[in-house]
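Architecture at a glance
Residue-level listing of the chains:
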Amino acid sequence: MADASSPVTLVILGASGDLTQRLLLPGLGTLLKAEPDLNLTLIGASNLDWPQEKWAELVTSALPGGGCPDARVRQQLGATHYVQLDVTDATQMGEFLAGLSGQVVLYFALPPAVTMKACEALAHVDLPAGLRLAIEKPFGTDLASAQHFNALLAKLVHEDQIFRVDHFLGKATVLNLLGLRFANRILEPVWNSTNIERVELISDEVLALEGRAGYYDHAGAMKDMIQSHLLLVMAMFAMEEPARLDALELRDLMVHTLRSTHLWQDDPVASSRRARYTAGTLAGRQIPSYVDEPGVDPERQTETLAEVTVEIRNSRWSGVPFRLRSGKALGDGVRGMTVVFRPVEHQPEGFTNQAARDVLTIGMSPETLALTLATNAEGSRWDLEQTSLAAKLGDSPIRPYGQILDGIIHGDPMLAVRGDVAEECWRILTPVVEAWADGRVPLDEYRAGSSGPKAWSAPQGSDS
Ligand code: NDP
C-alpha cells in the first residue's frame with residue numbers, strides 16, 4: 001500500500017468521455033484538495049487525436065469543479081499528459097505500458113464492451129508488476145457474463161488489484177451507515193426483524209434521459225441502479241457487525257448478506273414492477289415521452305422506473321421486505337433509506353388514538369437524518385402525534401468518486417466491489433431480468449414529473 005508520497009501513475013482510459021469530465025476529474029479534485037501531497041502522474045488516453053492543450057484544458061476546467069485549489073491544479077498540470085491509444089489493440093497497449101514505471105493504475109472509463117475488449121487485449125501483454133485495474137459498472141449484463149468477465153480479470157491480476165467501481169459505496173450517507181449502526185448504543189439492538197417492519201431504499205431522479213439514450217436504453221433502471229447501487233447499499237445497511245473496518249471484513253460481510261438475499265416469496269413477477277415515463281413537465285421544462293426521446297428504440301421496452309422487493313433470509317432479517325426502487329423523471333426525487341419500525345407490543349389504554357409507526361429516514365444527496373417518533377406533548381393531553389428529530393449532515397469534503405479513487409490510489413480495495421459480490425447481485429435479479437424479457441411483468445406508465453404510476457401507491461411485499 002502506498003503512502004501519500006509514493007508515486008502513482010493513474011491512466012484514465014476514456015479521457016474524452018462523459019464520466020471522466022463530469023465525475024472522475026472533479027472527484028479527483030476533491031481528493032487532491034484533501035491530500036495535496038499525493039504524488040500522482042495523471043495520463044489521459046482515448047482514441048481521439050487530441051493535442052496536449054485539449055487535455056490540459058479539460059483537466060484545468062474539471063479538477064476545480066471538485067474544489068481543488070488553483071495552485072494544486074497547476075501542480076497537477078505539470079504531471080499530466082495525453083496519449084492517443086486504441087485500448088483494444090494489444091500491441092499499442094503493450095508499448096504504452098512498457099513505457100511506464102512504478103505503481104500504475106488503469107482506470108477503464110470506457111463503454112463496457114470496449115472495457116471487455118481492452119481486457120482481452122491485456123491478456124497478450126506483459127503487465128507492470130502490481131498493476132491495478134479500476135473497472136466501471138456494469139460488471140457484465142447478467143450472471144453468466146459477470147462470471148465470464150471475472151474469469152478474464154482473474155487471468156490478468158490478483159483480485160485485490162481489481163477495483164470494480166460503484167461510486168455509491170463512496171457516498172457519505174452509505175459510509176455513514178457504519179458509524180450510525182455500529183457506533184451508537186441505541187440502534188444496533190433494534191436493527192432486526194423483531195423491531196423493523198419494512199425497509200425502503202429509493203434512488204429516484206428528477207432528471208429525465210438528458211441525452212444518454214445510447215447507454216440507458218440498453219440498460220434501463222433495474223440494471224443501471226438496482227442491480228448494483230441499491231443492492232450494495234442494502235448489503236451495507238443489513239450486514240453483520242465487522243470486526244474492523246477493512247476490505248476483508250466489509251466485503252466478506254457484504255457477500256454474506258447478499259448470499260442470503262432472495263426475491264420476495266421467490267416470485268420474480270409478484271416482487272417486481274416496471275414503468276416508463278410519458279410526456280410531462282419537470283421544473284417548468286416540457287419533457288417528451290421516453291419513447292420519443294432521441295435514440296430510444298420503443299420496441300426495446302426499456303423501463304425508466306424499476307422496483308424490486310427482496311428478503312434477506314437470516315435470523316436477523318427474515319420476514320422484512322426490503323423495497324428497492326429507482327427511476328427517472330420523478331417529481332419528488334426521493335433518495336434515501338426509510339426504516340419503518342413495528343408498533344409497540346402494547347399501547348396503554350387511555351390514549352385517544354393509535355400511535356403511528358416510528359420511522360428513521362436516512363437521506364442521500366442531500367445527506368440528512370430524521371427520526372419520527374410518537375409523542376403526546378402537543379395539543380390535547382392524550383392525543384398521539386408525530387415529532388421529527390431532523391438533522392442535515394455536513395458535506396463530505398471528498399466526493400464519492402474521490403473516495404473511490406483514494407482507495408484505488410492507495411491500494412485499499414475496501415470500497416471496491418469484489419467479484420463474488422458482483423456475481424451475487426446478478427444472481428438475485430436474474431429471474432426478474434428473465435420475467436421482464438418474457439413480458440410476464442407489465443410495463444406501466446407514469447407522467448414525467450409525477451411521483452410514479454398511480455396504481456403503485458401501496459408498497460409491494462407489505463401487507464400494511
Ligand atoms: P462515453 O461514451 O462518454 O465515453 C467513452 C470513452 O471511451 C470516450 O473517451 C471514448 O473515446 C473512449 N473509447 C471508446 N472506444 C475506445 C477505444 N477503442 N480506445 C480508446 N478509447 C476508446 O462513456 P461514459 O463516460 O458515459 O461511461 C464510461 C463508463 O463509465 C461506462 O462503463 C459507464 O457505464 C460508466 N459510468 C458512467 C457514468 C456517467 O455518468 N457517464 C456514471 C457511472 C458509470 P472517443 O470519444 O474517441 O469515442
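Residues numbered from 1 in each chain as written. Predicted model: local features only at pLDDT ≥ 70, side-chain atom pairs only at ≥ 80, totals over all residues. Heavy atoms only, no water.

Put simply, the rule reads: UniProt positions are given in the numbering used here, feature names are shortened, and annotations may be inferred rather than shown by experiment.
The name recorded for the protein chain in an unreviewed UniProt entry is Glucose-6-phosphate 1-dehydrogenase, from Raineyella antarctica. Entered under Pathway (unreviewed entry) in the UniProt record, the comment concerning the protein chain runs "Carbohydrate degradation; pentose phosphate pathway; D-ribulose 5-phosphate from D-glucose 6-phosphate (oxidative stage): step 1/3."

**Overview of the overall build of the protein chain**
Keep this limit in mind: A run of H or I in DSSP becomes a helix once it reaches four residues, and a run of E becomes a strand once it reaches two; helices and strands are each numbered from the N terminus. In this setup the radius of gyration rests on C-alpha atoms only. A globule is expected at 2.2 Å times the number of residues raised to 0.38. When accessible area is computed with a 1.4 Å probe and restricted to protein chains, residues below 20% of their type maximum are described as buried, those above 50% as exposed, and intermediate ones as partly exposed. Only heavy atoms matter for contacts: two residues are in contact if any of them lie within 4.5 Å across the pair. For the accessible areas, the method is Shrake-Rupley and the probe is 1.4 Å, while residue cover comes only from the protein chains on display. By the counting scheme adopted, Arg and Lys are positive, Glu and Asp are negative, and His together with the chain ends is not counted. Just so you know, the charge point we use is NZ for Lys, CZ for Arg, CG for Asp and CD for Glu.
On a plain count of helices and strands, the protein chain comes out with 11 helices and 18 strands. Computed over its C-alpha atoms, the radius of gyration of the protein chain comes to 23 Å, within 12% of the 23 Å expected for a compact globule of 464 residues. Judged by the C-alpha coordinates and their principal axes, the protein chain covers about 80 × 50 × 45 Å. Within the protein chain, buried positions represent 53% of all 464 residues. The long-range fraction of contacts in the protein chain, counting pairs at least 24 apart against all pairs at least 6 apart in sequence, stands at 78%. In the structure as shown, the protein chain presents an accessible area of about 20,200 Å², 51% of it carried by carbon and sulfur atoms. Side-chain charges in the protein chain split into 40 positive and 59 negative, and the spacing between the mean points of these groups amounts to 2 Å.

**So, the side chain of Ser193**
Tracing the backbone shows Ser193 in the loop between α7 (172–182) and β7 (196–204). Beyond its immediate chain neighbours, meaning those up to four positions away, Ser193 contacts Ser315, Arg316, Trp317, Ser318, Val320 and Arg342.

**Some details on the sheet that holds strand β5 (residues 132–136)**
To keep things clear, this is the line we draw: Being paired, for any two strands, means DSSP has found at least two bridges between them. All axes are obtained by fitting lines to C-alpha atoms, using only the stretch in contact for helices, and the reported angles, taken between N-to-C directions, cover 0 to 180 degrees.
Spatial strand order, β3-β2-β1-β4-β5-β6: six strands in an open sheet with parallel pairing. Strands at the two margins of the open sheet, each flanked by one partner only, are β3 (80–84) and β6 (162–165). Along the sheet, successive strands turn relative to each other by an average axial angle of 20 degrees, direction set aside. The pairing of β5 with β6 spans four bridges and is classified as parallel.

**Considering the UniProt feature "domain: Glucose-6-phosphate dehydrogenase C-terminal" (unreviewed entry) in the protein chain**
Under the local residue numbering, the UniProt record ascribes the feature "domain: Glucose-6-phosphate dehydrogenase C-terminal" (unreviewed entry) to residues 180–456. As a span, residues 180–456 carries 26% helix and 26% strand, and end to end its C-alpha atoms are 31 Å apart.

**Concerning the domain arrangement of the protein chain**
Selection rule: Here the limits of each domain have been adopted from an automatic or database domain assignment. Put simply, buried area is how much 1.4 Å-probe accessible surface two parts lose in total, over both of them, once they are put together. Criterion for a salt bridge: a side-chain nitrogen of Lys or Arg within 4 Å of a carboxyl oxygen of Asp or Glu. Pairs of N or O atoms are called polar contacts if they sit within 3.5 Å, as long as, within protein, a hydrogen donor faces a hydrogen acceptor (for residues adjacent in sequence, only side-chain-to-side-chain pairs). Here the nonpolar group is Ala, Val, Leu, Ile, Met, Phe, Trp, Tyr, Cys and Pro; Asp, Glu, Lys and Arg are the charged ones; every other residue, Gly included, is treated as polar.
In terms of domain boundaries, the protein chain breaks down into domain 1 (8–165) and domain 2 (169–399 + 418–447). Inter-centroid distance (C-alpha atoms) of domain 1 to domain 2 is 31 Å. With 20 residues of domain 1 at the interface, the matching set in domain 2 holds 17 residues. Between domain 1 and domain 2, the buried area comes to about 1,500 Å², and carbon and sulfur atoms account for 57% of it. It is Thr30, Lys137 and Leu143 in domain 1 that bury the most area against domain 2; as a group they hold 33% of the surface buried on that side. For the salt bridge of Arg251 with Asp160, the shortest nitrogen-to-oxygen distance reads 3.4 Å. Connecting domain 1 to domain 2 are eight residue pairs in polar contact (both at pLDDT 80 or more). Split into classes, the residues belonging to the side of domain 1 that touches domain 2 amount to six nonpolar, eight polar and six charged.

**As for the nonpolar core**
Side chains of a nonpolar character, in soluble globular proteins, are inclined to be buried together. Inclusion rule: Side-chain atoms within 4.5 Å are what join buried Ala, Val, Leu, Ile, Met, Phe, Trp, Tyr and Cys residues into a set we call a nonpolar core.
Counting 102 residues, the largest nonpolar core has Leu13, Leu106, Phe108, Leu133, Phe237 and Phe322 as its most contacted members. For this core, the leading source of residues is helix α8 (residues 213–238), giving 15 residues. Viewed by domain, this core spans two of them, domain 1 (8–165) and domain 2 (169–399 + 418–447), each represented by three or more residues. Excluding residues that lie within four positions of it along the chain, Phe237 makes contacts with Leu177, Arg181, Trp191, Val199, Trp317, Phe322, Met337 and Val339. One finds Leu10, Ala62, Leu405 and Ile409 within the second-largest nonpolar core, a separate group that totals 36 residues.

**Focus: helix α1 (residues 18–34)**
Which entries qualify depends on this criterion: Multiply 1.5 Å by the residue count of a helix minus one, and that product is the helix's expected span. Bend angle per residue: angle between axes fitted to the 7 residues ending at that residue and the 7 residues starting there.
Over its 17 residues, α1 extends 24 Å from the first C-alpha to the last, a length consistent with the 24 Å expected when each residue adds 1.5 Å. The largest bend in α1 is about 30 degrees, located at Leu24, with the proline Pro26 one to four residues further on. Among the residues of α1, Leu19, Thr20, Leu24, Leu25, Pro26, Gly27, Leu28, Gly29, Thr30, Leu31 and Leu32 are the ones counted as buried.

**Considerations on the UniProt feature "domain: Glucose-6-phosphate dehydrogenase NAD-binding" (unreviewed entry) in the protein chain**
According to UniProt, the feature "domain: Glucose-6-phosphate dehydrogenase NAD-binding" (unreviewed entry) maps to residues 11–176 in the numbering used here. A distance of 30 Å separates the end C-alpha atoms of residues 11–176, which is 45% helix and 18% strand.

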